[in-house]
Structure formats: C-alpha cells, structure tokens
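Topology and contacts: notes
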Amino acid sequence: MSSLRDVAERAQVAVSTVSAALNGTRPVAAATKLRIEQAAAELGYRPNLLARGLQSKRTRILALLFPAPRSGFGLTEMQFATGAAEAASELGYHLLLSPESADPIDELRHLTGLGLVDGVLLMEVRLDDERTAFLSAAGVPFSMIGRTREPGSIDYADIDFAATARDAVAHVAGLGHRTLAFFNLSTDLYADGYGPAMRAGEEFAAAARAAGIDYVDGYRPGSAEEGREAFERLLEAHPEVTALAVMDDHAAVGVIAAAAAHGRRIPEDLTLILVLSSARVAEMFNPKLTTLEPPSTELGRLGAHMLIDRLQGAGPPRQHLVPCRLVIGDSSAPPRSLS
C-alpha cells in the first residue's frame, strides 16, 4: 500500500505539502495540487481516514440515517440517498447509509459514540422526532431531509406539500372532476406521526376545499392487498368518486386490480394519480400513471450541502421547500360524462 511519502517522492514535494493538498488543511498551488493528485492516482494511494481523523479531528464521513421502509428500499427512496452521496463526494466527504434498528436512539448513540462520523443526515422525519433532541444534546451537527413539527433553527430540505397538493387538485379539477379521493400512507406511518403522511393529508384537504371540489379521505393502505380492500370500501361508500390520488405505489397495484374487477377502466372511469413516486416507477404501471414526482435527488443534495456547510461554520439555518413535479401519464382524463 502506497504512503504519503511515496506520493511526495513521485510528485517531488514535501510530505506536508501532499497532506495539505489531499486533506485540504491549507491552500496549495493549483499546479502542485494537480501534480500530487496525479501521483496519488498513479500509485493507487488511498488516504487512511482513521489516521486523518486523529490528526484533524474530522473523518469527512457523514451518516445518512434512513429507516428502511416496510416494503424495502425502492427506486424513489434510493434517489434521495444517491443525491446526498453525490453531493457529499463532490465536496470531499463520504456518505455512510445507516438503516436504523428498532431503537433509533440506541443506534445513534452507538454510531456517534464511535467518533467516526462528522455529522448526521436524518431521513424519514416524524413531526415529533426524538432523534433531533438526542443529536442536539450530544452536540452532533445534523440536517434533515424532511422536518419536524417545529424545526426552529435546524437545517432542512423538504417537499412543499402545500404547492404539491394545489398542483394535484388543479390538475383533477381542470379535467372536470368534482370529487377527489385520497389514499394516504399506511396506518402505522400515520399513527407514528410521519411527516409526509401528516402534511400530505392536511394539504390535500385544504387544496380541495379551496378549489371547491368534494374530497374523501380516511383511507391508509400500505400494501397491494390493503389497496384493493380500500378501493372496495371506497366504491361502496362513495361511488361518485371519479379521481383518486394514492401515496403508496404498492397500494396502487391493488387499486388497479380492484378497479378492473369492478369494471372501472383507467382513465375512462377513474383518474388515478400517484403521489411521491418517481416517474420511472409510474412508467412500470399499465396504464402509465400520472405522478407527482418528488424532488428526491435535489432534496438529497440539499441535505448534504446543508450539513457540510454547518460543519464548516456556515451562518443562519437554511430551510428549503421544493414542490413535487406533476408528470402527466395515461391515467388522467376527464370524467366520462364530459369526455
């Protein structure tokens, strides 16, 4: 394994200059830095992160705390992680993906107690999230993709659920639909105070009221089977519904099956919209579903940048809301009576 001394000899500079160029501890002339980087690449040199951490008190490792969803990590979820990892890498940091155990505080205590991470990026944030209190008390820098009920001075990047709901309702109302139903995330997530579940439900209801269309909610399917059952109950209680927004793409599979079993065609008899699913996921359905695509990569990048800025002594908190993007598929159409 090559050492700093080997790189210094190849680049014909002092060992301290190599260390400064590769670790960013002091400025190095651009031409010299390039020569050092080329020498390191030729020798296959890899810095010893633990040794660097002992010297600088920094490991340049960030932890992404991402509790595994019940259905596992899908494409939409991984876009958050890849966005954060890419942004961290561009700024000279490594991102460690850490799915949480059953006890998130115990996981955090273990992770931060090792001294191997400079900061933490929180995902799947609940309105009342105990992780934020622990990290604040421990003095560990962190930022959030998502936000608590009262984020105060914590850096965060989150979905603008109000703008997202307005776009969805405007799309449905613009097609001529007068009744919109909404299937939220699973009962467990809702009961746990999961931010997106709580905020989406509130904002869809508000947007429907503002647009003057009827609105039906109270359904929280978290799987294909639950989606099928929820649609059965919806048809029985509200046969007038002609548009449906679904937060869980697994539940949407059950909705499509139940609609077909009852002779409801998509989009002729039912406009179906996915909420918080990527366009690539929506393309896997037949028909291709209209979706409100979350800004996953952008939020991941923002979260990582905020955390690194905080580590480098940035100024006031940065807090960003970014709306989803409405991607029209083949599942949107005017209600049949207006076609």
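It should be noted that the structure appears before, not after, this text.
Quick look at the structure, then. Quick caveat, the model's predicted, so the values are computed rather than measured.

Remarks on the packing of helix H1 (residues 4-11) against helix H2 (residues 15-23)
Two numbers describe how H1 lies on H2: the axes approach to 8 Å, and their chain directions differ by 100 degrees. For the element pair H1 / H2, the angle class is roughly perpendicular. Listed contacts from H2 to Leu4, Arg5, Val7 and Ala8 of H1 are Val15, Val18, Ser19 and Leu22.

Considering the sheet that holds strand S10 (residues 290-293)
Pairing between sheet strands relies on hydrogen bonds along the backbone, with the strands arranged either parallel or antiparallel. One open sheet holds the six strands; their spatial order is S7-S6-S8-S9-S10-S12, and the pairing between them is mixed. The open sheet has two edge strands with one neighbour each: strand S7 (214-219) and strand S12 (325-327). Sheet twist, expressed as the mean angle between neighbouring strand axes with direction ignored, is 20 degrees. Pairing between S10 and S12: three bridges, direction antiparallel. Residue Glu293 lies in a different strand from S12, and its bridge partner there is Arg325. In the packing of helix H8 (residues 161-174) onto the sheet, the strands contacted are strand S6 (179-183), strand S8 (243-246), strand S9 (271-275), S10 and S12, and the crossing angle to S10 comes to about 165 degrees.

Details of the pattern of salt bridges
As enumerated under the stated definition, the model contains 16 salt bridges in all. A salt bridge links Glu90 to Arg301; the nearest nitrogen and oxygen atoms lie 2.6 Å apart. In this pair, Glu90 sits in helix H5 (residues 75-90) while Arg301 sits in helix H14 (residues 296-311), placing the two residues 211 residues apart along the sequence. In this structure Arg301 comes out as partly exposed when scored by relative accessible area, which is 23%.

Quick notes on unusual backbone geometry
In this chain, Ile266 is followed by Pro267 through a cis amide linkage whose omega measures 10 degrees. Within the element layout of this structure, Pro267 appears in the loop between helix H12 (249-261) and S9. A cis amide bond links Asn286 with the next residue in sequence, Pro287, at an omega value of 5 degrees. Residue placement: Pro287 occurs in the loop between helix H13 (279-282) and S10. The phi angle at Gln12 is positive, at roughly 60 degrees, despite the residue not being glycine. On the secondary structure map, Gln12 appears in the loop between H1 and H2. Residue Arg60 is not a glycine yet carries a positive backbone phi of 60 degrees. Relative to the helices and strands, Arg60 is located in the loop between helix H4 (49-56) and strand S1 (61-65).

Focus on the nonpolar core
Note that soluble globular proteins tend to have their nonpolar side chains buried in a common cluster. Of all hydrophobic cores here, the largest spans 45 residues; its most connected members are Leu180, Phe204, Val275 and Leu299. For this core, the element with the highest residue contribution is H14, accounting for seven residues. Once residues within four sequence positions are removed from consideration, Phe204 is found in contact with Ala165, Ala168, Val169, Leu180, Phe182, Tyr215, Ala245, Val275 and Leu292. Counting residues in hydrophobic clusters, the runner-up holds 25 residues, among them Val216, Phe231, Ala251 and Leu274.

Rules and cut-offs
Residues numbered from 1 in each chain as written. Predicted model: local features only at pLDDT ≥ 70, side-chain atom pairs only at ≥ 80, totals over all residues. Heavy atoms only, no water. Axes fitted to C-alpha atoms, helices over the stretch in contact; angles between N-to-C directions. Helix = DSSP H or I, 4+ residues; strand = E, 2+ residues; numbered from the N terminus. Parallel < 35°, antiparallel > 145°, perpendicular 65-115°, else oblique. Contact = heavy atoms within 4.5 Å. Pairing = 2+ DSSP bridges. Salt bridge = Lys/Arg side-chain N within 4 Å of Asp/Glu carboxyl O. Buried < 20%, exposed > 50% of the residue type's maximum accessible area, 1.4 Å probe, protein only. Core = buried A, V, L, I, M, F, W, Y, C linked by side-chain atoms within 4.5 Å.

That is the geometry; function is a separate question.
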